[in-house]
Every structure is written in C-alpha cells, then in structure tokens.
Amino acid sequence: QVQLVESGGGVVQAGGSLRLSCAASGRTFRTMGWFRQAPGKEREFVASISWSGGRTTYTDSTDSVKGRFTISRDSAKNTVNLQMNSLKAEDTAVYYCAASSSFTRSTMSYEYAYWGQGTQVTVSS
C-alpha cells in the first residue's frame, strides 16, 4: 500500500523556520514534491525533486519561495524534506506531499498520482 506521511508542520512567528518531512512507502517514486493550499485558494506547486540526480524545481509564482525554501531528499530513508526559512504570513497553508512514478518538472497537481494527507503550517505576524 502506497503511503505518504507528512510531519513537521506547526505554528511559527514570521521570520522563523520550519522543516517538513514526507516519508514514502509502498513503492519507488521518480519525483516527489510539495504543494500548498491556503484558505480560499487553489492548491499551488511549491517545489519538487527528482529521486535520481536530485534535480529540483521551484515555483515561479509572485510570492516565490525560491531562496527561502529548500527541497531535499534522503534516499536511504525514502524521505523528502522541505526546509522553510524566513517564513511569511502568506506562507500559511496546508502543505501536501506529492509523488509521481515518472520524472516530471511539472507544476501541475494532476501530474502527481499520490498524495499525503497534508500538514498545517501557520505563520503568525
């Protein structure tokens, strides 16, 4: 059975840091990533990483996380991490781990067939 289990969410003050982790089990994925969904907004891509080679992709959205967030993988533990620094109130959202059996740099949620349950990140200003 395929499972993606997120951990590491919580409440943090603006400017602080959090580290999210997603443990995968049940099969091997070629790409894993993170999406987030704020209240009243659509789910949006944050970052992804290829399992082989560690190629990373980050969102190009206006409120870019590039430079503040870093995605990484631990192949031995089959885990993908998202280190979030200099957090802002607008980063508040439910963060979802996603996985694909294919290599993809897509930012579209439909490219990812497997999803975790989500972990809440709240940044207080």
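Residues numbered from 1 in each chain as written. Predicted model: local features only at pLDDT ≥ 70, side-chain atom pairs only at ≥ 80, totals over all residues. Heavy atoms only, no water.

Student: I'd like to hear about the state of the cysteines, residue by residue, with values.
Tutor: What the rule picks out here adds up to one disulfide. Between the sulfur atoms of Cys 22 and its disulfide mate Cys 97 the distance is 2.1 Å. Between Cys 22 and Cys 97 the disulfide shows an S-S torsion of about -80 degrees. By sign, it is left-handed. In this pair, Cys 22 sits in strand β3 (residues 18-25) while Cys 97 sits in strand β9 (residues 93-100), placing the two residues 75 residues apart along the sequence. Residue Cys 22 is classed as buried on the basis of its relative accessible area of 0%. According to the relative accessible area criterion, Cys 97 is buried, its value standing at 0%. (Disulfide = S-S within 2.5 Å. Helix = DSSP H or I, 4+ residues; strand = E, 2+ residues; numbered from the N terminus. Buried < 20%, exposed > 50% of the residue type's maximum accessible area, 1.4 Å probe, protein only.)

Student: Please set out the pairing of strand β5 (residues 44-50) residue by residue, giving values where relevant.
Tutor: Across the seven residues of β5, six count as buried, placing the element largely inside the fold. Note: strand β4 (residues 31-37) against β5, six bridges, orientation antiparallel. Across the sheet, the residue bridging to Phe 35 is Phe 45, located in β5. If you look at the hairpin formed by β4 and β5, you'll find six residues sitting between the two strands, and Gly 40 has a positive phi there, around 80 degrees. The pairing of β5 with strand β6 (residues 56-58) spans three bridges and is antiparallel. Paired with Ile 49 across the bridge in β6 is Thr 56. (Pairing = 2+ DSSP bridges.)

Student: Explain the pairing of strand β1 (residues 3-7) to me, and be specific about the residues and the numbers.
Tutor: Side chains Leu 4 and Glu 6 of β1 all project onto a buried face; the interleaved residues Gln 3, Val 5 and Ser 7 project onto a face where none is buried. Both β1 and β3 contribute to a ladder of five bridges, which runs antiparallel. Note that in β3 the partner of Gln 3 across the bridge is Ser 25.

Student: Residue-level account of the pattern of salt bridges, with values.
Tutor: For side chains bearing opposite charge, pairing can occur when the charged atoms are close. Counted by the stated rule, this structure contains three salt bridges. Between Glu 44 and Arg 36 there is a salt bridge, with the nearest N and O atoms lying 2.7 Å from each other. The class for Arg 36 is buried, based on a relative accessible area of 5%. A salt bridge links Arg 68 to Asp 91; the nearest nitrogen and oxygen atoms lie 2.7 Å apart. Taken together, the residues Arg 68 in the loop between β6 and β7 (69-74) and Asp 91 in the loop between β8 (79-84) and β9 connect sequence positions 23 residues apart. Accessibility expressed as a relative area gives 1% for Asp 91, which makes it buried. (Salt bridge = Lys/Arg side-chain N within 4 Å of Asp/Glu carboxyl O.)

Student: So what's going on with the packing of aromatic side chains? Residues and values would help.
Tutor: Considering all chains together, one arrives at four aromatic pairs under this definition. Pairwise contacts between aromatic rings join Phe 35, Phe 45, Tyr 112 and Trp 115 into one cluster. Lying across the ring of Tyr 96, Arg 43 places its NZ or CZ 3.7 Å from the centre. It is Arg 43 that lies over the ring of Trp 115; its NZ or CZ is 4.9 Å from the centre. (Phe/Tyr/Trp six-rings, centres within 6.5 Å; stacked < 30°, edge-to-face > 60°. Lys NZ or Arg CZ within 6 Å of the ring centre and 35° of its normal.)

Student: Can you explain the side chain of Thr 92? Please cite residues and give values.
Tutor: Tracing the backbone shows Thr 92 in the loop between β8 and β9. A polar atom in the side chain of Thr 92 sits 2.9 Å from the backbone oxygen of Ala 89. Those residues within four positions of Thr 92 in sequence are excluded, and the remaining contacts are Ala 38, Gln 120, Val 121, Thr 122 and Val 123. (Polar contact = N/O pair within 3.5 Å; in protein donor to acceptor, adjacent residues only side chain to side chain. Contact = heavy atoms within 4.5 Å.)

These figures capture arrangement, not role.
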